[in-house]
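# Residue-level structure breakdown
Given next are the chains, with one letter for each unit.
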Amino acid sequence: MLPPLTSYEELRAAFRWNVPARYNIAQDACDRWADVEPDRAALLHVLPSGDVEEWSYGRLKRNSCQLANALRSLGVTSQDRVALLLPQAPETAVSHLAIYRLGAIAVPLAALFGPEALRYRLENAGAKVVITNQAGLEKLSALREQLPFLEHVLCVDGAGDGALEFWSLLERGSEQFEGCETGPDDPALMIYTSGTTGQPKGALLAHRVLLGHLPGIQMAHEMLPQAGDLFWTPADWAWAGGLLNALLPSLKFGVPVVTARIDKFDPEGAFDLMARHGVRNAFIPPTALKMMRSVDHRKYSDKLQLRSVCSAGEALGREAFVWCQEALGVSPNEMYGQTECNLVLGSGAGLGVSRAGAIGKPVPGHEVSVIRPDGSICEPEEQGEIAVRRGTPVMFLGYWQRPDADETKFLGDWMLTGDQGVVDADGYFHFVGRNDDVITSAGYRIGPTEIEDCLIKHEAVGLAAVVGKPDPVRTEIVKAYVVLKDGYEPSEGLVDDIRQYVRVSLSAHEYPREIEFVSEMPLTTSGKVIRRILRSRAQEEAELVEG
Ligand code: ATP
Ligand code: MG
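Note that the structure is predicted; figures quoted are calculated from it, not measured. (Residues numbered from 1 in each chain as written. Chains lettered and ligands numbered in written order. Predicted model: local features only at pLDDT ≥ 70, side-chain atom pairs only at ≥ 80, totals over all residues. Heavy atoms only, no water.)

### Regarding the site of ligand 1
Every one of the 20 residues lining ligand 1 counts as a neighbour, but Thr196, Thr197, Thr339, Asp419 and Lys528 are closest to it. Glu334 has a polar side-chain atom sitting 2.9 Å from a nitrogen atom of ligand 1. At a separation of 2.6 Å, an oxygen atom of ligand 1 approaches a polar side-chain atom of Asp419. Surface burial for ligand 1 is 96%, taken as the share of its 630 Å² of free accessible area covered by protein chains. Contributing elements (two or more residues each) for the shell around ligand 1: strand E14 (332-338) and strand E22 (429-434). (Near = heavy atom within 4 Å. Polar contact = N/O pair within 3.5 Å; in protein donor to acceptor, adjacent residues only side chain to side chain. Areas by Shrake-Rupley, 256 points an atom, 1.4 Å probe, with all protein chains shown as cover. Helix = DSSP H or I, 4+ residues; strand = E, 2+ residues; numbered from the N terminus.)

### Regarding the pattern of salt bridges
Between side chains of opposite charge, a pair can form when the charged atoms approach closely. All told, the structure shown has 34 salt bridges when counted by the stated rule. When the shortest N-O distance is used, the salt bridge between Glu116 and Arg119 registers 2.9 Å. Pair noted here: Glu116 and Arg119 are both in helix H5 (residues 115-125), with a separation of three residues, about one helical turn. For Arg119, a relative accessible area of 15% translates into the label buried. With its nearest N and O atoms 3.0 Å apart, the salt bridge here joins Lys469 to Glu514. In this pair, Lys469 is assigned in strand E25 (residues 461-471) and Glu514 in strand E27 (residues 514-517), connecting sequence segments 45 residues apart. You can call Lys469 buried: its relative accessible area is 8%. Judged by its relative accessible area of 26%, Glu514 falls in the partly exposed class. Here the residues in one salt-bridge network are Lys469, Lys479, Glu514, Glu516 and Glu541, joined through shared partners. (Salt bridge = Lys/Arg side-chain N within 4 Å of Asp/Glu carboxyl O. Buried < 20%, exposed > 50% of the residue type's maximum accessible area, 1.4 Å probe, protein only.)

### Some remarks on the UniProt feature "domain: AMP-binding enzyme C-terminal" (unreviewed entry) in the protein chain
Per the UniProt entry, the sites bearing "domain: AMP-binding enzyme C-terminal" (unreviewed entry) are residues 450-528 in this numbering. Secondary structure across residues 450-528 comprises 25% helix and 32% strand; the distance between its end C-alpha atoms is 16 Å. (UniProt positions renumbered as here; feature names shortened; annotations may be inferred.)

### A look at the UniProt feature "domain: AMP-dependent synthetase/ligase" (unreviewed entry) in the protein chain
Within this numbering scheme, the UniProt entry marks residues 31-400 as carrying the feature "domain: AMP-dependent synthetase/ligase" (unreviewed entry). Secondary structure across residues 31-400 divides into 31% helix and 22% strand, with the first and last C-alpha atoms of the span separated by 29 Å.

### Some points on the state of the cysteines
On inspection of all chains with the given rule, the structure shows zero disulfides. With no disulfide partner, Cys30 has as its closest neighbouring cysteine sulfur the one in Cys65, 7.7 Å distant. (Disulfide = S-S within 2.5 Å.)

### Points about helix H12 (residues 317-327)
Buried residues of H12: Gly317, Ala320, Phe321, Trp323, Cys324 and Ala327, and no others. The buried residues of H12 all sit within an arc of 165° when viewed along its axis, so they share a single face. The inward-facing, buried residues of H12 abut helix H10 (267-277), helix H11 (286-292), strand E13 (308-312), E14 and helix H14 (448-455). Following H12 by one or two positions, Gly329 has its phi on the positive side, about 80°. (Arc of directions from axis to C-beta. Contact = heavy atoms within 4.5 Å.)

### Digging into the environment of Arg280
Relative to the helices and strands, Arg280 is located in the loop between H10 and strand E12 (281-283). C-alpha separation for the pair Arg280 and Trp232, spaced 48 residues apart in sequence, amounts to 8.1 Å. Polar contacts involving the side chain of Arg280 include one to the side chain of Asp229, which spans 3.0 Å.

### Section: helix H6 (residues 134-141)
Along H6, the residues that are buried comprise Gly136, Leu137 and Leu140. End-on view of H6: buried residues confined to an arc of 105°, all on one side of the axis. Buried residues along H6 sit against strand E3 (81-85), H5, strand E5 (129-132) and strand E6 (152-155).

If you want it as structure tokens, here you go:
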């Protein structure tokens, strides 16, 4: 936790990690409150009817102890993988806590995954148990024969198809659980990376990962917790962003979390939910914020009570930053990290670290630099790879059964992020693009981020993604895929107008020579643009022309 100092520099200089010899996420995120204030609100669950069901820390503790006992009776022991195929819901939180108590490994899976995505992850993880709902059961039924490790399926809303009923199983378990004593380095979670650049990898995270997130969360949420704080995120808890940037730290800080099942992000619904429930702290990923720009925010301006907004997972950019200040009434604090090592760079407007278009600075406790291929540190304004020094509690334990991927992830003491960045003269980090996304055109190395940010400033552009399209003369040309805002129709005139707009506002060599309008972007379940799909589309087009 951050000591009560006010300047960023002081905090950074004074910060020391304090990782206890015994540490368990369930104890820290739940029992520390349940044991002293059992009635304290932990979750405010919004039902489809709109009614809100309050879950106390005491209930979360009782139910998760019962489930831990029930899972133990099914043969689950420490380090066994238990997968969770559930949306945001109290049962999902109960399940996480139960798995941590057991010293088993929680494998959260997005409820939106299709059968092949599920099969890949369940098989790769060797999951012994899956906890899911009816919708998940349907997807699983066709897969069970292909999953020899899978012994039990628990269903939270019914039984059938060989599944055990979650609540009746749980009720058989005692409310007292003699927990297994975990250490901070014991594995607690396996989260699959978003799969933005290729097959997702299972990043194994230790119990200490929660401790490692706390300074970043406090910085991004203006010294969370403050009286009256109330947290909400549209992000799925199956993604590091939803689980570790929102649910678990809020519980740890005693800040109640509004939970609502979200099948597809609805920009108007996001405004409505935040206004209706008086949300004070929100984690909203960049694409979601960009989509919210299509809503007339003025009708919500006197209803919103936001105190802090954090965004991470992709580049936020200047346009969305400024919009957020105006429409949501707060400066968004951008954060940066990856499943393997999360929340290591960030902003905190209250600490004086906030700059439109920049990610921010290293979060106290983490050492982050932009480095050259030989591991030396770049000069200010020199582009290189963003790297994180080993020794932070957020650092993952390794990829699950991927020693090949482990080896290339480190250079000496640096963990390589695979992202290109620049540090400016004031120490702010700027995101250029993922290594694979950087475009080589006529001798220039061009990052897509800046161009995308410029594109969405155009009045007609809702979302934009930029990739390199192979070109016989220039190696690659910049190609932009654009989703238009409601009310705009694709036309040649609009293509010219947008192209000209970027050319004038950004530069004559970075403007997109080709623009294609699409009705939607390919997104990961964590809401990130999958440029890899657009890139191969552009590549196929180029091959067709050549061939
Ligand atoms: P995969 O590793 O499977 O290709 P992924 O990298 O998208 O997927 P995550 O771990 O969810 O999986 O995402 C981490 C990545 O997200 C970072 O490496 C970076 O590329 C991007 N990212 C996160 N925060 C930011 C940010 N603030 N600005 C720009 N990019 C960001
Ligand atoms: Mg990655």
